[in-house]
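# Observations on chain architecture
In case you want the letters, here they are:
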Amino acid sequence: MPKRKNVYQKSLSIGVLSSALLMAGCGTGDSIAENPATSEKADLATTASDGSGETEASEDDVETEEDQEKEEAEAETAATGEDEQVVPADQMGISMPLPLGTPLADLIEHYGQPTYDDYFLGSRLVVFNKEDGYFLDDQNVAKGFYIGNADISVFDTRIGMTFGEIDEILGAKGEVGYDESETQYYLNIHYVENYKITYSAETEDGPVVEIVIIRSK
């Protein structure tokens, strides 16, 4: 929290059918001859072209299966697009759950209601679970990060490191100062990619307790 001051039916065989017709007294040789042809035609229609005896799937069945697979793939892609946010290349080094440019409504859908919602460092800040924060612009879209979560990586730096460790990782000495007006913390400011990153600690050689990231370009 920021610190502030205040989804088959089989025909009869020739023998069975002939017997049935003779017993009824109405069978003829011609009528019997027609049925085997029909039966053979039905058998041929269901026999594979290689003579293996295996039935072939009809073109309609194949097309139906292909259509179903295509629809399932499209649905999966659509779901992925809805659930996952596209992270800009320059934010890949910042492991916050949602990227800058995310509207407040989407932040709340992901996290739930904020545990902090007030103005901080001149902008509206909403913090969730008391540690993942987002600065908002006038359209309530995330324009910066407030980090109080040690599990979040910021270009390989994180909460709990000292200014010296951060300088070593980032490969440059940061601008160190003291914020008398609002946080009353010691600050170590670095510019990485397109961001101004401010690390805050209670003492100049103590562990960082919060990180503020604002787009600088």
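Bear in mind that the values here come from a model prediction, so they are computed numbers and not experimental data.

We now examine unusual backbone geometry. In this structure, leucine 121 is a non-glycine residue whose phi angle is positive, near 55 degrees. Assignment of secondary structure puts leucine 121 in the loop between strand 1 (116-120) and strand 2 (123-128). For leucine 121, a relative accessible area of 38% gives the class partly exposed. Although it is not a glycine, glutamate 193 sits at a positive phi angle of roughly 55 degrees. Counting through the fold element by element, glutamate 193 comes out in the loop between strand 6 (186-192) and strand 7 (195-201).

What follows deals with helix 4 (residues 104-111). Among the residues making up helix 4, those that are buried are Leu104, Leu107 and Tyr111. Along the long axis of helix 4, the arc covered by the buried residues comes to 55 degrees, so they all point the same way. Seen from the buried face of helix 4, the exposed residues on the opposite side, beyond 90 degrees, are Ala105 and Glu109. In this fold, the buried residues of helix 4 make contact with strand 2 and strand 3 (132-136). Phi turns positive one or two residues past the end of helix 4, at glycine 112, with a value near 105 degrees.

The sheet built from eight strands is open, its strands ordered 1-2-3-4-8-7-6-5 with antiparallel pairing. Of all strands in the sheet, those bounded by a partner on one side alone are strand 1 and strand 5 (175-178). Ignoring which end each strand starts from, the neighbouring axes of this sheet average 25 degrees apart. The sheet contact formed by strand 1 and strand 2 spans five bridges and is antiparallel. Within strand 2, the position partnered with tyrosine 119 by the bridge is arginine 124. Lying over the sheet, helix 5 (residues 163-170) contacts strand 5, strand 6, strand 7 and strand 8 (208-215), oriented at roughly 10 degrees with respect to strand 6.

Every buried residue of helix 5 is accounted for by Phe163, Ile166 and Asp167. Buried residues of helix 5 fall within an arc of 100 degrees about the axis and therefore sit on the same side. Elements that come into contact with the buried residues of helix 5 comprise strand 5, strand 6, strand 7 and strand 8. Of the residues one or two after helix 5, glycine 171 is the one with positive phi, at around 75 degrees.

In this section: the pattern of salt bridges. Evaluated as defined, the whole model comprises two salt bridges. Of the charged contacts, one joins arginine 215 and aspartate 90 as a salt bridge, the two residues approaching to 3.5 Å between their closest N and O atoms. Of this pair, arginine 215 sits in strand 8 while aspartate 90 sits in the loop between helix 3 (59-83) and helix 4, and the two are 125 residues apart along the sequence. According to the relative accessible area criterion, arginine 215 is partly exposed, its value standing at 35%. Taking relative accessible area as the criterion, aspartate 90 reaches 14% and is therefore assigned buried. As a salt-bridge pair, aspartate 117 and arginine 124 come within 2.7 Å of each other at their nearest N and O atoms.

Moving on, we get to the nonpolar core. Membership of the largest hydrophobic core comes to 29 residues, with the highest contact counts inside it found for Tyr134, Ile147, Val154, Ile197, Ile211 and Ile213. Put simply, the parts of the chain that give this core at least two residues each are helix 4, strand 2, strand 3, strand 4 (142-147), helix 5, strand 7 and strand 8. A per-element tally of this core places strand 7 first, with four residues. In contact with isoleucine 147, not counting residues within four places along its chain, are Met96, Glu131, Ile152, Val154, Ile159, Val209, Glu210, Ile211 and Ile213. Counting seven residues, the second-largest nonpolar core is a separate cluster that includes Tyr116, Phe120, Leu125 and Val212.

Calculation notes
- Residues numbered from 1 in each chain as written.
- Predicted model: local features only at pLDDT ≥ 70, side-chain atom pairs only at ≥ 80, totals over all residues.
- Heavy atoms only, no water.
- Helix = DSSP H or I, 4+ residues; strand = E, 2+ residues; numbered from the N terminus.
- Buried < 20%, exposed > 50% of the residue type's maximum accessible area, 1.4 Å probe, protein only.
- Arc of directions from axis to C-beta.
- Contact = heavy atoms within 4.5 Å.
- Pairing = 2+ DSSP bridges.
- Axes fitted to C-alpha atoms, helices over the stretch in contact; angles between N-to-C directions.
- Salt bridge = Lys/Arg side-chain N within 4 Å of Asp/Glu carboxyl O.
- Core = buried A, V, L, I, M, F, W, Y, C linked by side-chain atoms within 4.5 Å.

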